[in-house]
Amino acid sequence: MNESVSPLGKDLIGLEHLSSEQILSILDTAEPFKEISERRIKKVPVLRGKTIVNLFFEASTRTRVSFEFAEKRLSADTVNISSSGSSVVKGETLVDTARNLEAMRIDMVVMRHGSSGAARFLAERIPSSVINAGDGQHEHPTQGLLDLLTIRDHRGPIAGLKVCIVGDVLHSRVARSNIFGLLKLGAEVAVCGPPTLLPVGIAELGVKVIARVEEAVEWADVLNVLRLQLERMHGGYVPSLREYNRIWGVSRARLDAVKKDVLVLHPGPMNRGVEIDSDVADGPHSVILNQVTNGVAVRMAVLYLLAGGQPERAEAAKQGGDS
Amino acid sequence: MSEDNRIHVMDEADVRRVISRMAREIVERNGGTDALVLMGIHRRGTQIGALLRAEIERAEGVRVAWGSLDITMYRDDLAIGPLPVVGASELPGGGIDGMNIVIVDDVLFTGRTTRAALNELTDWGRPGRIYLCVLVDRGGRELPIQPDIVGREIQVLPNQRVEVLVPEIDGRLGVEIINLAPEGT
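Conventions and cut-offs
- Starting afresh in each chain, residues are numbered from 1 along the sequence in its written order.
- Lettering for chains starts from A, numbering for ligands starts from 1, and both go in the order in which the items are written.
- Only residues with pLDDT of at least 70 get local features here, since the model is predicted, and only at 80 or more are side-chain atom pairs given and counted; chain-wide, interface and lining totals rely on the full set of residues.
- Each side-chain value is derived from all of the structure's non-hydrogen atoms; neither hydrogens nor water enter the calculation.
- We count a stretch as a helix when DSSP gives it H or I for four or more residues in a row; a strand needs E for two or more, and each element gets its number in order from the N terminus.
- For a compact globule the rule gives 2.2 Å times the number of residues to the power 0.38, and the radius of gyration it is set against comes from C-alpha atoms.
- For the area figures, the Shrake-Rupley method with a 1.4 Å probe applies, and any residue is considered shielded solely by the protein chains shown.
- When charges are tallied, Lys and Arg are placed among the positive residues and Asp and Glu among the negative ones, while His and the ends of the chain are skipped.
- In plain terms, the charge of a residue is placed at NZ if it is Lys, CZ if Arg, CG if Asp and CD if Glu.
- Only protein atoms enter the 1 Å grid used here. Points where a 1.4 Å probe fits but cannot escape make up a cavity, open sets with protein on both sides within 12 Å along at least five of seven lines make up a pocket, and a residue lines them when an atom lies within 4 Å of a point.
- Grid points are joined across faces, edges and corners, and a volume is the space filled by probe spheres set on the points.
- In the scheme used here, Gly and all other residues not listed as nonpolar or charged are polar, with Ala, Val, Leu, Ile, Met, Phe, Trp, Tyr, Cys and Pro taken as nonpolar and Asp, Glu, Lys and Arg as charged.
- pLDDT is a residue-level measure of predictor confidence that goes from 0 to 100.
- Should any heavy atoms of two residues lie within 4.5 Å, those residues are considered in contact.
- Throughout this description, the term nonpolar core refers to a set of buried Ala, Val, Leu, Ile, Met, Phe, Trp, Tyr and Cys residues connected via side-chain atoms within 4.5 Å.
- Throughout this description, buried means an accessible area under 20% of the type-specific maximum (1.4 Å probe, protein chains only), exposed means over 50%, and partly exposed covers the range between.
- Between rings of Phe, Tyr and Trp, where Trp is taken as its six-membered ring, a pair exists when centres lie within 6.5 Å; planes separated by under 30 degrees are stacked, by over 60 edge-to-face, and by other angles tilted.
- Charge-over-ring contacts are defined here by two conditions on Lys NZ or Arg CZ: a distance within 6 Å of the ring centre and an angle within 35 degrees of the ring normal.
- An expected span of 1.5 Å times one less than the residue number is assigned to each helix.
- Taking the helix axis as origin, the arc is that swept by the directions to the C-beta atoms.
- Pairs of N or O atoms are called polar contacts if they sit within 3.5 Å, as long as, within protein, a hydrogen donor faces a hydrogen acceptor (for residues adjacent in sequence, only side-chain-to-side-chain pairs).
- Two strands form a pair only when DSSP identifies at least two bridges running between them.
- Note on geometry: axes are C-alpha line fits, over the in-contact stretch for helices, and angles between N-to-C directions span 0 to 180 degrees.

1. Focus: the overall build of chain A
Moving on, step 1. Counting secondary structure elements, chain A contains 12 helices and 9 strands.
Moving on, step 2. The C-alpha atoms of chain A give a radius of gyration of 20 Å, which matches the 20 Å a tight globule of 323 residues would have.
Moving on, step 3. Based on the C-alpha atoms only, the size of chain A along its principal axes is roughly 60 × 50 × 40 Å.
Moving on, step 4. A total of about 13500 Å² of accessible surface is found on chain A, and carbon and sulfur atoms cover 52% of it.
Moving on, step 5. Side-chain charges in chain A split into 38 positive and 39 negative, and the spacing between the mean points of these groups amounts to 3 Å.

2. Considerations on the layout of surface pockets
All names here are of chain A.
Moving on, step 1. If you add up the space inside the second largest pocket, you get close to 420 Å³.
Moving on, step 2. Residue lining of the second largest pocket: 21 residues in total, with Arg112, Arg173, Arg227, Gly268 and Pro269 positioned closest to the centre.
Moving on, step 3. At the level of elements, α2 (62-73) and α6 (173-184) are the ones that each hand at least two residues to the lining of the second largest pocket.
Moving on, step 4. Residues of the lining of the second largest pocket, tallied by class, amount to 5 nonpolar, 9 polar and 7 charged.

3. Examining the confidence of the model for chain A
Moving on, step 1. In the predicted model, chain A carries a mean pLDDT of 90, and 93% of its residues have values of at least 70.
Moving on, step 2. A low-confidence stretch, residues 309-322 of chain A stays under pLDDT 50, and its non-local contacts, those more than four residues away or across chains, total 32 contacts.

4. Details of the nonpolar core
Moving on, step 1. Counting residues in hydrophobic clusters, the biggest one holds 83 residues, and the most contacted among them are Phe33 and Leu145 of chain A.
Moving on, step 2. No other element matches the 10 residues that helix α11 (residues 288-306) of chain A contributes to this core.
Moving on, step 3. Residue contacts for Phe33 of chain A: discarding those within four places in its chain leaves Leu74, Ala297, Met300, Ala301 and Tyr304 of chain A together with Met73 and Val86 of chain B.
Moving on, step 4. Residues Val102, Cys133, Val156 and Val175 of chain B belong to the second largest nonpolar core, which totals 30 residues.

5. Here we look at the packing of aromatic side chains
Moving on, step 1. Overall, the coordinates contain 1 aromatic pair over all chains when judged by the stated rule.
Moving on, step 2. One Lys or Arg, Arg299 of chain A, reaches over the ring of Phe67 of chain A and ends 4.9 Å from the middle of that ring.
Moving on, step 3. Looking at Arg138 of chain B, its charged tip hangs above the ring of Phe109 of chain B, at a distance of 3.8 Å from the centre.

6. Remarks on α2 of chain A
All names here are of chain A.
Moving on, step 1. Taking 1.5 Å of rise per residue, the 12 residues of α2 would be expected to cover 16 Å, and the 16 Å separating its terminal C-alpha atoms lies within 8% of that figure.
Moving on, step 2. Three or more residues of α2 are buried, namely Thr63, Ser66, Phe67, Glu68, Ala70, Glu71 and Arg73.
Moving on, step 3. Residues of α2 that are buried sit in contact with β1 (51-56), β2 (77-82), β3 (108-113), β4 (129-135), α5 (141-155) and α11.
Moving on, step 4. The first or second residue beyond α2 is Ser75, which carries a positive phi of 70°.

7. Quick look at the environment of Ile19 of chain B
All names here are of chain B.
Moving on, step 1. In this structure, Ile19 sits in helix α1 (residues 12-30).
Moving on, step 2. Considered as a pair, Ile19 and Gly32 are 13 residues apart in the sequence and their alpha carbons are 17 Å apart.
Moving on, step 3. Discounting chain neighbours no more than four positions away, the residues touching Ile19 are Ile48, Leu51, Leu52, Glu55 and Leu135.

8. Points about helix α3 (residues 94-103) of chain A
Residue and element names in this part refer to chain A.
Moving on, step 1. When we look at burial in α3, the residues that qualify are Leu94, Val95, Thr97, Ala98, Leu101 and Glu102. Taken down its axis, α3 places every buried residue within 160° of arc, on the same side.
Moving on, step 2. Buried-residue contacts for α3 involve β1, β2, β3 and α4 (118-123).
Moving on, step 3. Downstream of α3 by one or two residues, Arg105 has phi in the positive range, about 65°.

9. Quick word on the side chain of Asn224 of chain A
Residues and elements named next belong to chain A.
Moving on, step 1. With respect to the secondary-structure elements, Asn224 resides in strand β8 (residues 222-225).
Moving on, step 2. Its relative accessible area of 2% is what places Asn224 among the buried residues.
Moving on, step 3. A polar contact is formed between the side chain of Asn224 and the side chain of Asn178, at a distance of 3.2 Å.
Moving on, step 4. Look past the residues within four positions of Asn224 in its chain and what remains in contact with it is Asp147, Cys164, Ile165, Val166, Asn178, Leu265, His266 and Pro267.

10. Some points on the sheet that holds strand β1 (residues 6-10) of chain B
Residue and element names in this part refer to chain B.
Moving on, step 1. What the 3 strands build is an open sheet, ordered β1-β8-β7; its pairing is antiparallel. Of all strands in the sheet, those bounded by a partner on one side alone are β1 and β7 (160-165). On average, each strand axis in the sheet is tilted by 25° relative to the strand beside it, whichever way the strands run.
Moving on, step 2. Strand direction decides the pairing type here: β1 and strand β8 (residues 174-179), joined by 4 bridges, are antiparallel. Counted as the bridge partner of Ile7 is Ile177 from β8.
Moving on, step 3. Packed onto the sheet, α1 meets β1 and β8 and runs at close to 40° relative to β1.

Shown next, in the form of structure tokens:
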């Protein structure tokens, strides 16, 4: 076993407990990994021989595929498990599932789970690295990181930027990871959405609350538009989708009403015509597909950094004389 | 590190003389500058590569294609740490298929960096030829790899390190030997 310590610790559970230096080190590490996906042979031998299990207890296309591409392009061996079609439906507990995987000698687990705190729960019980791919309404750290990387790509350093998160903040782990990451890197953060979809006490995190979407567009350099999480809503949050779109939807008319060039992000999957209009999603303000491309690079960086080592000792290692 | 640990080997004039001889050798070996691409290995190999390229361009009156290699992702010691910072490689504009690539590094020692560079190049395409060109060969190979063009062969003890100094990083051009503390070897 190697004794080297990852600069991120054993796991990546959320951005709440990372330092700004750690977040920046992930973003900086992601830069060179972008180029690998542009090559003809999209593979480097960085994680050769490592075994990674993608354990998805909730539906996911983008995140699961993005992790899988990241793992495969780093030459790791991967296994995908989704709750349907696994022993989970037979009533096996999370820890038992993980311990059985562990008994087959794995190195990392990437997990998505419906319960907030599931990632930390697992991380404390198994020796493998755990990467949180979304746990309930808690955090989705790699989404937060890819949003930061995309904003930085298009608007320069995060510090001083005004970023407004629009929509269903209540159900959103993406919003929480974004808020923690953006505040740590020195951005001003606001949230905007129907009061029924804003968590009570959200201002205590250090964010501003903006009452109307028109004001949000006026104030912000960047809008991160959240998906209305219809599957988590059991009535009473919004009167109707049409009314939601009319009052809270990010439309071309609302963007055109301000002089400046607002950057529009959306974590996907989009409800077109609900929280975001098609002519915005496909328009010049949108960097939604850049987010998807960056997602693979950010996940490669996280996998690389969790696999061991310490960047600050890199120079010493380079001088170790293996020219 | 105190100055008396450093043994001066080559100064700027020495390095420049060697560079112009190596530049001529590269052109001679390649039978001209057709399909020639100089690719320096990060970090100091890139600087030496730039000097060679400037010299070839001056002598031959042509533009020479170039690129750079960051071999971090191809290291054979990633699993045994510590983890190095990953840098970006730069591919020449025309790609590398069928090109005659000159890998340029500052110091050739174990040969492991060269092995990594060869693997990275073959992942990018199929060069016509690959040459290895180093400013200093200090011996001590651990792999069956030999340079095609060498600036200077220097015999050093196991507890000594050869350091190539370049203006962009070190403020001056030169080659020095450093005596490492015995426990550092």
